[in-house]
Amino acid sequence: RNRIMLGAHWDTRPISDRDTNRELKAKPVIGANDGGSGVAVLLEIARLLSSQPAPVIVDLVFFDLEDMGEIDNLPFSIGASEFVAKNRFYRPTAGVIVDMVCDRELVIPRESYSRDKAKKLQDKIWRIAAQQQQAEVFVDRDGSYVNDDHLPFLKAGLKVVNLIHSPFPESWHTSNDSIERCSPKSLQQVGNVLKELIYTLD
């Protein structure tokens, strides 16, 4: 059977270094969006799968240490990099990294590393979004190159697409990344696309 990996990072940034309030810069990011939202989508997918088994194997992978980049000279995506390095024989048919997907004004363009290395899978995701009339969220334009947990997999030759709000919302890496800025509708829109992908993967 085919195998799909759905991944999200559960860690949050230990400092709010982009906060405009100097007193808050040293405090941790709450991470409702940047960390929490991807985890929320995957947990709901898990609930769905328990009652409606998929025709493919679905691996839900939760990564640590994604958001330590540029702190004490550390890189981003430490957990994902370690996962790839220590699981050289893990070869899913397809993969999706879900990150920052709950903003009230969610916009997910075609992330450019994904486009360059996993275009066929990215095209399928955007076709599903178009069929579900989600074009206002899954906008059909090229986004920027984003350093995220999909990169270690792409470098290993695996087809993994990054779904991420871009340009990043103003709350990114600030004390304002809180639940008040999140939208259940945004989470559901992303979840619906992933659900269709899981049940139609060939």
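The preceding data block contains the structure.
Note that the structure is a prediction, hence the values are computed from the model and not measured.

*Asks:* Explain the pattern of salt bridges to me, and be specific about the residues and the numbers.
*Replies:* Within the structure shown, the criterion is met by 10 salt bridges. For arginine 110, the salt bridge is made with aspartate 123, and the minimal N-O distance between the two is 2.7 Å. Remark: aspartate 123 occurs in helix H4 (residues 119-131) and arginine 110 occurs in the loop between strand E3 (94-99) and helix H3 (112-117); sequence separation between them is 13 residues. For the pair shown, arginine 110 and aspartate 123 are each scored as buried. Look at the salt bridges and you will find they share partners, linking Arg110, Lys119, Asp123 and Asp140 into a network.

*Asks:* With reference to specific residues and values, describe the side chain of histidine 165.
*Replies:* Looking at the element boundaries, histidine 165 is found in the loop between strand E4 (160-164) and helix H6 (184-200). You can call histidine 165 buried: its relative accessible area is 6%. Every residue in contact with histidine 165, bar those within four places of it in the chain, is listed here: Asp99, Met100, Asp103, Glu105, Leu106, Val107 and Ile108.

*Asks:* Hey, could you go over the pairing of E3 for me, with residue numbers and the actual values?
*Replies:* Counted residue by residue, E3 has 6 buried out of 6 residues, so it is predominantly covered. Judged by which residues are buried, E3 turns out to be covered on both faces: Ala94, Val96 and Val98 on one side and Gly95, Ile97 and Asp99 on the other are all buried. Examined bridge by bridge, E3 and E4 share 5 bridges and lie parallel to one another. Its bridge partner being in E4, isoleucine 97 is matched across the sheet by asparagine 162.

*Asks:* Account for the environment of serine 81, naming residues and giving values.
*Replies:* Counting through the fold element by element, serine 81 comes out in helix H2 (residues 78-86). In the structure, serine 81 is positioned 15 residues away from glutamate 66 in sequence and 9.3 Å away in space, judged by C-alpha atoms.

*Asks:* Please give an account of the sheet that holds E3 that cites residues and values.
*Replies:* Spatially, E2-E1-E3-E4 is the arrangement adopted by the 4 strands of the open sheet, whose pairing is parallel. In the strand order of this sheet, the two ends are held by strand E2 (57-63) and E4, each with one partner. Strand-to-strand twist in this sheet, taken as the mean axis angle between neighbours without regard to direction, amounts to 20°. Alignment of strand E1 (residues 3-9) against E3, held across 4 bridges, turns out to be parallel. The residue bridging methionine 5 from the neighbouring strand is glycine 95, located in E3. The sheet strands contacting helix H1 (residues 36-51) are E1, E2 and E3, and the helix crosses E2 at an angle near 150°.

*Asks:* So what's going on with the packing of H1 against H6? Which residues, and what values?
*Replies:* With their axes 10 Å apart at the nearest point, H1 and H6 run at an angle of 45° to one another. The angle between the axes of H1 and H6 places the two elements in the oblique class. Along this stretch, H1 crosses H6, giving a crossing that reads as right-handed. Counting all contacts with H1, which are made through Ser37, Val41, Ile45, Leu48 and Leu49, the residues of H6 involved are Leu187, Gly191, Leu194, Lys195, Ile198 and Tyr199. Classifying every residue of the contact of H1 with H6 gives 8 nonpolar, 2 polar and 1 charged.

*Asks:* Describe unusual backbone geometry, naming the residues involved and giving the relevant values.
*Replies:* Here serine 166 and proline 167 are connected by a cis peptide whose omega angle stands at -5°. Position of proline 167 relative to the elements: it lies in the loop between E4 and H6. A positive phi is found at glutamate 70, a non-glycine position, where the angle reads about 65°. Secondary-structure assignment places glutamate 70 in the loop between E2 and H2.

Thresholds applied
Residues numbered from 1 in each chain as written. Predicted model: local features only at pLDDT ≥ 70, side-chain atom pairs only at ≥ 80, totals over all residues. Heavy atoms only, no water. Salt bridge = Lys/Arg side-chain N within 4 Å of Asp/Glu carboxyl O. Helix = DSSP H or I, 4+ residues; strand = E, 2+ residues; numbered from the N terminus. Buried < 20%, exposed > 50% of the residue type's maximum accessible area, 1.4 Å probe, protein only. Contact = heavy atoms within 4.5 Å. Pairing = 2+ DSSP bridges. Axes fitted to C-alpha atoms, helices over the stretch in contact; angles between N-to-C directions. Parallel < 35°, antiparallel > 145°, perpendicular 65-115°, else oblique. Left-handed = near helix turned anticlockwise from the far one by under 90°. Nonpolar A, V, L, I, M, F, W, Y, C, P; charged D, E, K, R; others polar.

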